[in-house]
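Structural features, examined
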Amino acid sequence: MRSPVPVVSGLLRLRLPVAVWILGAFLLQASTVDAQTDFFDSLESTIESTRAALLANSTTCRTVVSSFLARIEEFNPTINALVSSNPDALSAADELDRRLAAGDSAGKLFCVPVLLKDNYEAVGMNTTGGNAALAGNRPSVDTPSVKAFKDEGAIILGKTNLHEMALEGLSVSSFGGQTINPYDHTRTPGGSSGGTGAAIATSFAIFGTGTDAVNSLRSPASANNLVSVRPSRGLISRRGILPISFTQDSIGPIARNVQDLAIALTVMASVGADEADNATLLVPPEARGIDYTQGLDDGGLEGLRIGLLDGFWNRTASNETTPVNNALASTIEFLKSQGAEIINVTESIYNASAIARFDVQQYEFKEVLNNYLSSPSLSGDRPTTWDEVYGSGDFLVIPAQYSFINNSKNSSTADPGYATAKQGIENLKAAINSTFVDNELDAVIYPEQKNLVVKIGSPSQAGRNGILAALTGVPVVTVPVGFSQPSQDAPIGVPIGMEILGLPFSESKLLNIANHFTRLRPLRKTPTFANYTVEMGSFASVPKMQPNVTNIPPAYPLGVLSS
């Protein structure tokens, strides 16, 4: 009889390679899972695609955030869109990963990276408005819409550059330098929310925020092949926003697609009435609590009656105006082909240059800025009055706005000109309502800018048409309508956008129109220089941003208020 010892020994020798193979297979599977969860392609990603990846366990929230940080590190040195980062972004992502592991993925914006224009207050980051003198302005509470983002699971990645104090559209500031258009590096990105526009176009976040006192949500969307919404006055609280004008200021989102835009607007508007912003108290109850994603796909373009504002074009042919006119002409033909009826609106009151005389910013700017800077929720080494800001020497005002700042110093809402302008605004509101009713219109369209977005170093962002909505407080959704011809500076052309304007609190209808239009006529393109997936490293901490202020054009001297 054979000894059992050799038999057992033989079996062990036989099973050893099998055990090694099984262990190797297990480790390979584990490493494959780790490799899968260590990758997320943030390029042109959406709220839906991010959520789907997280729920499928193919990535983690930390990986999602790291993917965007990698794009920022790769491309921000070229376009100079960001001024600061949120040091808590990765730790916030880790907390969401713990929730996800426990089966909790609640929140409309669960692990959605968001960028804020640097005039929104957010705890952990200073609020500068692009002004170097305000570099130490530190808030202790979030703007209500920022709190709403966080409550829905969003990750705030950082702050974007803007035209200083949101006063123009070139997106150059003493704190952040000059932001560059990602489609043509010789041009501005629009503004004043140009940092957000350039950043979202380059996939630095899924969406971003802006403010708008004349054009500033719509100009960057137009110039960066994006969509945006300037909501009806009062729909979203402006508390915690570095202000210009309580009559004209508005805040809202900028995104790459209408679905994400609608989700962002839903969250921002969920704040509701706010006693700190009287305009929110005048919103009708039926305009509250709306989910703007509902009904996006309902109906179609057929049967819509759309007004075309004849006075908002520059018909003079040139290299800067002809591409815009051609893009809008093509858009009109497309709308007609889809069954929409185009009605020419020729009333003389609709002239952007003439309407501008009702602009009340210079009467309100000093008062609202003084009120903001005196807020007990702000601290830090900073000016506390308008006079201190513009007496510091640490500011940038473009020469075209010297008169505005100098007039603001001594103007107030007690001036006779203010009452005249406010009456003009009321007349304009009545005219819009009559135009819609008399022509049975669903919306009105016109180019956001009569010419291509201007070159870096230009005197101003000329030719924009945003003043109509800014004065009257009616909503506008901006959509892409094409590009100029490609050139050496603009490999796929310069983006061109169109405004879709409606009556107060018609955001749902406007988003529905925009959704059908952008899906039937998809024109979104990634900037050529950034159209590739960035290899993602491992981030132990959030990289600090260092804005480039050495690129400020010499045409804009610092600390100067006269020629």
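Okay, so let's go over this structure. Everything numeric here is computed off the predicted structure, so don't read it as measured data.

Conventions used here
Residues numbered from 1 in each chain as written. Predicted model: local features only at pLDDT ≥ 70, side-chain atom pairs only at ≥ 80, totals over all residues. Heavy atoms only, no water. Disulfide = S-S within 2.5 Å. Helix = DSSP H or I, 4+ residues; strand = E, 2+ residues; numbered from the N terminus. Axes fitted to C-alpha atoms, helices over the stretch in contact; angles between N-to-C directions. Left-handed = near helix turned anticlockwise from the far one by under 90°. Contact = heavy atoms within 4.5 Å. Nonpolar A, V, L, I, M, F, W, Y, C, P; charged D, E, K, R; others polar. Expected span 1.5 Å × (residues − 1). Buried < 20%, exposed > 50% of the residue type's maximum accessible area, 1.4 Å probe, protein only. Arc of directions from axis to C-beta. Polar contact = N/O pair within 3.5 Å; in protein donor to acceptor, adjacent residues only side chain to side chain. Core = buried A, V, L, I, M, F, W, Y, C linked by side-chain atoms within 4.5 Å.

What follows concerns the state of the cysteines. The full count for this structure, using the stated rule, is one disulfide. Between the sulfur of cysteine 61 and that of cysteine 111 lies a disulfide, 2.1 Å long from S to S. The chirality of the disulfide connecting cysteine 61 with cysteine 111 is right-handed, given an S-S dihedral of about 105°. Placement of cysteine 61 in helix 3 (residues 61-79) and of cysteine 111 in the loop between helix 4 (89-101) and strand 2 (113-117) is noted, with a sequence separation of 50 residues between them.

This part covers the packing of helix 5 (residues 144-151) against helix 8 (residues 258-269). Each packed pair of helices is defined by two parameters, the angle between the axes and the distance between the axes. With their axes 8 Å apart at the nearest point, helix 5 and helix 8 run at an angle of 115° to one another. At the point where helix 5 passes helix 8, the crossing takes the right-handed sense. In this structure, helix 5 uses Ser145, Ala148 and Phe149 to contact helix 8, whose residues at the interface are Ala264, Val267 and Met268. Within the contact of helix 5 with helix 8, the residues separate by chemical class into five nonpolar, one polar and no charged.

We now examine helix 4. In a regular helix each residue adds 1.5 Å, so 13 residues correspond to 18 Å; helix 4 covers 19 Å between its end C-alpha atoms and thus fits that length. Among all positions of helix 4, only Ala89, Leu90, Ala93, Leu96, Asp97 and Leu100 are buried. Along the long axis of helix 4, the arc covered by the buried residues comes to 115°, so they all point the same way. In this structure, the buried residues of helix 4 make contact with helix 2 (47-55), helix 3 and strand 4 (155-160). At the exit of helix 4 stands glycine 103, carrying a positive phi of roughly 85°.

Moving on, we come to the side chain of threonine 526. You can see threonine 526 is positioned in the segment after helix 16 (507-520). At 2.8 Å, the side chain of threonine 526 forms a polar contact with the side chain of glutamate 44. Each residue touching threonine 526, except ones within four places of it in the same chain, is listed here: Leu43, Glu44, Tyr183, Ile492 and Asn531.

The subject of this paragraph is the nonpolar core. Membership of the largest hydrophobic core comes to 134 residues, with the highest contact counts inside it found for Phe149, Leu157 and Phe207. With residues near it in sequence (within four places) discarded, leucine 157 still touches Val65, Phe68, Leu69, Ile72, Ser85, Asn86, Ala89, Pro113, Val114, Leu115, Phe204 and Ala205. Formed by 21 residues, the second largest nonpolar core is a distinct cluster that contains Leu134, Leu167, Leu242 and Val397.

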